[in-house]
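In case you want the letters, here they are:
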Number of protein chains: 2
Amino acid sequence: MQHAIPYGAADYFWAEALQRQQLTGNLLETFRRWGYGDAIPPIFEYADSLSAQASPKLRAEMYRFLDRDGSTLALRPEFTTPLARLVATRLHDWPMPQRFCYAGSVFRYVSPQAGRQREFLQAGVELIGASTPEADAEVLALTVAALRAAELADFRVVVGQIRYFGGLLADLKLSPEHEDALREAIDRKSEPALEAFLRDVPLRTQQRRTVEELPNLNGSRLDQIIDQADRYCLNYEMHAALENLRAVCAVLAAYGVTDAVDLDLTEIRNLGYYTGVTFEALAPGMGFAIASGGRYDDLIGHFGKAQPAVGVAMGVDRLLLARQRQRGEQRSPHPPPPDCLAMTGDDPTALAQVQRWREEGQRVQVEVNGRTPDDVIAYARKLGIARVLRWTGASFEEMEV
Amino acid sequence: MQHAIPYGAADYFWAEALQRQQLTGNLLETFRRWGYGDAIPPIFEYADSLSAQASPKLRAEMYRFLDRDGSTLALRPEFTTPLARLVATRLHDWPMPQRFCYAGSVFRYVSPQAGRQREFLQAGVELIGASTPEADAEVLALTVAALRAAELADFRVVVGQIRYFGGLLADLKLSPEHEDALREAIDRKSEPALEAFLRDVPLRTQQRRTVEELPNLNGSRLDQIIDQADRYCLNYEMHAALENLRAVCAVLAAYGVTDAVDLDLTEIRNLGYYTGVTFEALAPGMGFAIASGGRYDDLIGHFGKAQPAVGVAMGVDRLLLARQRQRGEQRSPHPPPPDCLAMTGDDPTALAQVQRWREEGQRVQVEVNGRTPDDVIAYARKLGIARVLRWTGASFEEMEV
């Protein structure tokens with residue numbers, strides 16, 4: 001008989017559980033104020049659906065199991081694909097754009113060495129049926145607004161556009177091995193690897209200059225980076241990527257959020273379904289993104305009529321951790337105490353008073369163990385309960401804790 | 001490639017998804033006001049843990065799958081066992097009582113013919129480390145309070161005490177076949193089956209009178225039923241069951257909730273881990289319980305040091321369905337509309353105004369598709385959006401929808 005829980009699973013309780021619920025509620029409420037409507041896809045569905053345009057890594061991390069009719073199910077590893085399926089199969093006749101928000105657990109197998117959770121909480125939005133830079137910018141501005149509403153003090157949203165690198169690759173016409181080498185050098189931001197690539201691969205002067213310049217195309221001076229990148233464009237696709245970014249940045253400026261935004265044209269991770277703007281929210285000292293998102297114009301067409309779309313997913317546990325670190329918060333040494341502990345006996349008058357307090361929003365525990373006042377006070381001290389009230393038959397008397 | 005979802009899984013969206021999230025938040029907030037603290041166990045854990053004292057039916061309904069290290073995991077079919085494990089293994093050194101509340105999906109395999117969901121949402125509480133009738137009554141009164149706070153107009157909470165029937169069985173000393181026959185006759189409330197049992201099984205006069213009386217021991221006149229049951233007690237165990245019920249009913253009267261409560265001493269379903277008071281909340285016209293709970297004093301000891309405990313689990317989707325039926329609500333024909341739809345262009349002043357409205361709690365959509373005013377108004381009409389605002393360069397002008 002096992003009494004522990006599997007590696008990568010977690011029990012949340014006390015302040016941590018409360019904060020997790022409250023932050024989730026807070027994020028959903030922010031999303032709703034931007035006009036997004038709740039959607040709740042199932043926790044498991046057909047593995048084939050969930051695999052639609054998932055990266056090989058994400059497919060490998062999915063938890064699969066057999067349904068009793070022999071079909072292969074999987075636990076959702078993210079929300080975007082289930083919502084794409086929902087829109088394409090059930091809501092395609094409704095006017096666009098459609099805006100959805102969600103929060104819930106997602107599941108990915110990670111090896112025990114990784115020290116990461118295999119069930120974790122995501123909250124996010126999908127804006128479907130709009131291909132404009134205004135739509136990209138809305139999701140980016142909402143990401144900033146939601147992280148601010150969540151009281152994360154210090155973060156950056158790093159924005160890329162995978163069509164810039166895509167255009168470059170189209171121009172270079174590399175062998176698969178060379179393409180992998182370039183991709184890895186850029187992805188890892190490795191100067192020696194990039195030098196090695198440039199030594200090994202014969203390029204035209206213009207191409208070579210663009211590849212050499214690529215690692216410099218990032219930072220917080222958005223217009224300047226776009227202008228700089230513009231000088232190294234090799235084709236229409238790269239220009240189009242920059243035109244999109246320029247328009248997105250203009251709307252972000254109108255939203256007043258550019259101070260939280262960096263550009264990075266080396267953002268080329270293998271993102272599976274993304275087709276345009278991509279982004280990550282990063283906090284200092286955190287080795288992983290707190291949120292990530294981007295445009296995915298080809299995913300919904302996998303399930304039905306194509307629709308352009310852009311979205312973001314936030315890691316609620318990562319966001320909580322980053323906030324705790326920034327605030328220098330310590331783990332609470334006991335359960336969050338109620339506002340008071342009331343010794344009522346079975347007196348209807350006392351219980352009615354307790355009920356009134358609860359209806360006013362106070363958190364009131366009633367003593368149900370029949371303990372003496374001394375024992376109740378010792379319990380209250382241990383749990384950090386500041387107020388203990390004792391019914392005298394006519395009113396509550398406050399006891400010294 | 002599958003584009004549907006498996007039988008018994010569901011997508012929730014629009015008003016249904018919003019109500020589900022809001023009702024869950026509302027239930028948790030009620031629980032917190034009674035001094036319960038949030039706990040979030042994992043969605044999957046070792047199948048052995050989850051099976052601890054599960055009934056054979058529940059075990060058969062569990063979704064099992066292999067972890068990559070070869071251990072058998074399962075999706076949680078309920079919350080009580082994971083929370084019992086949590087308290088016994090990680091919180092046993094903390095003062096009792098401990099109060100926990102939870103909300104989340106649980107998973108049970110049901111055959112497609114049953115027409116029921118295989119993933120459904122539960123919310124509930126566990127009160128651990130208190131064996132008194134006051135503790136039983138707190139969970140019962142909280143059940144009534146939570147269903148009322150959830151605005152369910154019409155429901156009954158039917159309370160049983162399985163020690164009464166347990167005491168009877170101990171006295172009758174039946175063969176396993178006869179015990180099953182009696183259990184089934186009582187459980188199904190079948191008069192012919194009970195007559196057949198009484199024909200087949202030789203009993204002492206006193207025993208026979210008690211078995212014959214059992215089907216009458218239910219209704220809303222609580223004290224009268226207990227007094228009546230008292231006259232047919234055959235041993236201490238049956239008396240103790242009634243003493244507990246009498247004390248529970250006294251506290252329920254003090255809480256002022258007895259008008260919502262029935263007693264039923266034929267409540268003897270095979271409940272797995274229950275050891276005392278058991279109960280179900282029922283709503284007229286619903287063929288299944290909206291909430292169920294009871295005392296389970298032997299479960300926590302399965303994982304560590306024994307602790308008495310009592311709890312309740314509510315079916316959030318069932319509660320929503322019952323409330324919809326009682327209110328005569330129809331399914332909304334479109335997504336819940338935002339408070340307004342604003343045509344802002346990329347004007348910072350307009351977007352700043354929209355942001356102020358959102359911060360005040362209004363739900364504001366921004367037009368991101370670059371459509372003409374006519375197209376935006378047609379969209380708003382289709383979606384039931386009452387207000388469309390257009391930025392004139394200096395202020396918002398309200399357009400006729």
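Residues numbered from 1 in each chain as written. Chains lettered and ligands numbered in written order. Predicted model: local features only at pLDDT ≥ 70, side-chain atom pairs only at ≥ 80, totals over all residues. Heavy atoms only, no water.

Trainee: Can you help me understand the domain arrangement of chain A in this one?
Mentor: One widely used convention gives an interface's size as the accessible area the parts lose upon coming together. By the assigned domains, chain A splits into domain 1 (15–327) and domain 2 (340–399). Computed over C-alpha atoms, the centres of domain 1 of chain A and domain 2 of chain A are 51 Å apart. (Domains from an automatic or database assignment.)

Trainee: Would you take a moment to explain the interface of chain A and chain B for this structure?
Mentor: Each side of the interface is counted separately: chain A has 92 residues, and chain B has 93 residues. Buried surface at the junction of chain A and chain B, both sides included, amounts to about 8,700 Å², of which 59% is carbon and sulfur. When the area that chain A buries against chain B is broken down by residue, the three leading residues are Arg33(A), Ile40(A) and Val368(A), summing to 9%. Linking Asp67(B) and Arg118(A) is a salt bridge whose minimum nitrogen-to-oxygen distance equals 2.9 Å. On inspection of chain A and its partner chain B, the count reaches 30 residue pairs in polar contact (both at pLDDT 80 or more). For the side of chain A that touches chain B, the element with the most residues is helix 1 (residues 14–33) of chain A, which contributes eight residues. Taken together, the residues of the side of chain A that touches chain B break down into 52 nonpolar, 16 polar and 24 charged. (Contact = heavy atoms within 4.5 Å. Buried area = accessible area lost by both parts, 1.4 Å probe. Salt bridge = Lys/Arg side-chain N within 4 Å of Asp/Glu carboxyl O. Polar contact = N/O pair within 3.5 Å; in protein donor to acceptor, adjacent residues only side chain to side chain. Helix = DSSP H or I, 4+ residues; strand = E, 2+ residues; numbered from the N terminus. Nonpolar A, V, L, I, M, F, W, Y, C, P; charged D, E, K, R; others polar.)

Trainee: Explain the packing of helix 6 (residues 162–172) of chain B against helix 7 (residues 176–187) of chain B to me, please; I cannot follow it from the model alone.
Mentor: If you want to describe how two helices pack, look at the angle between their axes and the distance between the axes. Residues and elements named next belong to chain B. Where helix 6 contacts helix 7, the two axes come as close as 12 Å, and the packing angle between them is 150 degrees. Classified by the angle between their axes, helix 6 and helix 7 sit roughly antiparallel to one another. Judged by the twist between their axes, the crossing of helix 6 over helix 7 is right-handed. Contact residues: helix 6 offers Phe-165, Leu-169 and Leu-172, while helix 7 offers Glu-179, Leu-182, Arg-183 and Ile-186. When grouped by side-chain class, the residues that make up the contact of helix 6 with helix 7 number five nonpolar, no polar and two charged. (Axes fitted to C-alpha atoms, helices over the stretch in contact; angles between N-to-C directions. Parallel < 35°, antiparallel > 145°, perpendicular 65-115°, else oblique. Left-handed = near helix turned anticlockwise from the far one by under 90°.)

Trainee: It is not clear to me how the pairing of strand 16 (residues 388–391) of chain B should be interpreted in this structure. Could you clarify?
Mentor: Look at any regular strand and the pattern is simple: side chains alternate between the two faces of the sheet. Residue and element names in this part refer to chain B. With three bridges connecting them, strand 14 (residues 340–343) and strand 16 associate as parallel partners. When the bridges of strand 16 are listed, Leu-341 appears paired with Val-388. Relative to strand 17 (residues 396–399), strand 16 runs antiparallel, the two sharing four bridges. Bridge pairing in strand 17 links Arg-390 to Glu-397. (Pairing = 2+ DSSP bridges.)

Trainee: How do you make sense of the pattern of salt bridges when you look at a structure like this?
Mentor: Two side chains with opposite charge may pair up if their charged atoms get near one another. Per the stated rule, a full pass over the model turns up 54 salt bridges over all chains. Among the ionic pairs, Arg148(A) bridges to Asp259(A), the shortest N-O distance being 3.4 Å. Taken as a pair, Arg148(A) in helix 5 (residues 133–149) and Asp259(A) in the loop between helix 11 (236–255) and strand 10 (261–264) lie far apart in primary sequence, 111 residues in all. A salt bridge links Asp297(B) to Arg295(B), with the shortest nitrogen-to-oxygen separation between them at 2.8 Å. On the accessibility criterion, Asp297(B) (25% relative accessible area) is partly exposed. A relative accessible area of 5% means that Arg295(B) is categorised as buried. (Buried < 20%, exposed > 50% of the residue type's maximum accessible area, 1.4 Å probe, protein only.)

Trainee: Would you mind showing me how to read the packing of aromatic side chains here?
Mentor: When we look at a pair of aromatic rings, we describe it by the centre distance and by the angle of the planes. Tallied over the entire structure, the rule returns 27 aromatic pairs over all chains. With 5.1 Å between their ring centres and 45 degrees between their planes, Tyr63(A) and Phe44(B) make a pair best called tilted. One end of the pair, Tyr63(A), is in the loop between helix 3 (56–61) and strand 4 (64–66); the other, Phe44(B), is in strand 3 (residues 44–46), on a second chain. Given a relative accessible area of 3%, Tyr63(A) falls into the buried group. Centre to centre, the rings of Phe79(B) and Tyr102(B) are 4.1 Å apart; their planes meet at 15 degrees, and the pair counts as stacked. Residue Phe79(B) is found in the loop between strand 5 (72–75) and helix 4 (80–90), and its partner Tyr102(B) is found in strand 6 (residues 98–107); the two are separated by 23 residues along the sequence. Taken together, the ring pairs in this structure connect Phe44(A), Tyr63(A), Phe65(A), Phe107(A), Tyr109(A), Phe44(B), Tyr63(B), Phe65(B), Phe107(B) and Tyr109(B) into an aromatic cluster. (Phe/Tyr/Trp six-rings, centres within 6.5 Å; stacked < 30°, edge-to-face > 60°.)

Trainee: Where do I start with the environment of Ile226(B) in this structure?
Mentor: Residue and element names in this part refer to chain B. Within the secondary structure, Ile-226 sits in helix 10 (residues 222–230). For Ile-226, a relative accessible area of 1% corresponds to the buried category. For the pair formed by Ile-226 and Tyr-12, sequence separation is 214 residues and the distance between their alpha carbons is 44 Å.

Trainee: Is there a simple way to explain the side chain of Thr143(A) in this structure?
Mentor: Residue and element names in this part refer to chain A. Following the sequence through the fold, Thr-143 ends up in helix 5. Overall, the relative accessible area of 0% leaves Thr-143 in the buried class. At 2.7 Å, the side chain of Thr-143 and the backbone oxygen of Val-139 are in polar contact. Excluding residues within four positions of it along the chain, Thr-143 makes contact with Val-157, Phe-279, Ala-291, Val-312 and Met-314.

Trainee: Before we go on, may I ask you to explain the sheet that holds strand 14 of chain B in this structure?
Mentor: Backbone hydrogen bonds hold the strands of a sheet together, and the pairing may be parallel or antiparallel. Residue and element names in this part refer to chain B. Pairing in this open sheet of four strands is mixed, and the strands run 15-14-16-17 from one edge to the other. In this open sheet, the two strands that pair with only one neighbour each are strand 15 (364–366) and strand 17. On average, each strand axis in the sheet is tilted by 30 degrees relative to the strand beside it, whichever way the strands run. With respect to the sheet, helix 13 (residues 348–359) is in contact with strand 14, strand 15, strand 16 and strand 17, its orientation differing from that of strand 15 by roughly 155 degrees.

Trainee: What is the right way to read the confidence of the model for chain A from this model?
Mentor: A low pLDDT score tells you not to read the predicted coordinates there in detail. Across chain A, pLDDT averages 95, with 98% of residues at or above 70. Taken together, the chains of this predicted complex give a pTM of 0.96 and an interface ipTM of 0.95. (pLDDT = per-residue confidence, 0-100.)

Trainee: What am I meant to see in the nonpolar core here?
Mentor: Note on soluble globular proteins: their nonpolar side chains tend to be buried together. If you look at the biggest cluster of nonpolar residues, it comprises 94 residues, and the most contacted ones within it are Leu27(B), Phe31(B), Tyr164(B) and Leu182(B). For Tyr164(B), the contacting residues outside a window of four places in its chain are Leu214(B), Leu217(B), Ala229(B), Tyr232(B), Cys233(B), Met238(B), Ala241(B), Leu242(B) and Leu265(B). Ranked by size, the runner-up nonpolar core spans 93 residues in total, among them Leu147(A), Val251(A), Val277(A) and Leu351(B). (Core = buried A, V, L, I, M, F, W, Y, C linked by side-chain atoms within 4.5 Å.)

Trainee: Got a minute to help me understand the environment of Arg199(B) in this structure?
Mentor: Among the secondary structure elements, Arg199(B) is positioned in helix 8 (residues 191–200). Sequence spacing of Arg199(B) and Glu212(B) is 13 residues, and the spatial spacing of their C-alpha atoms is 12 Å.

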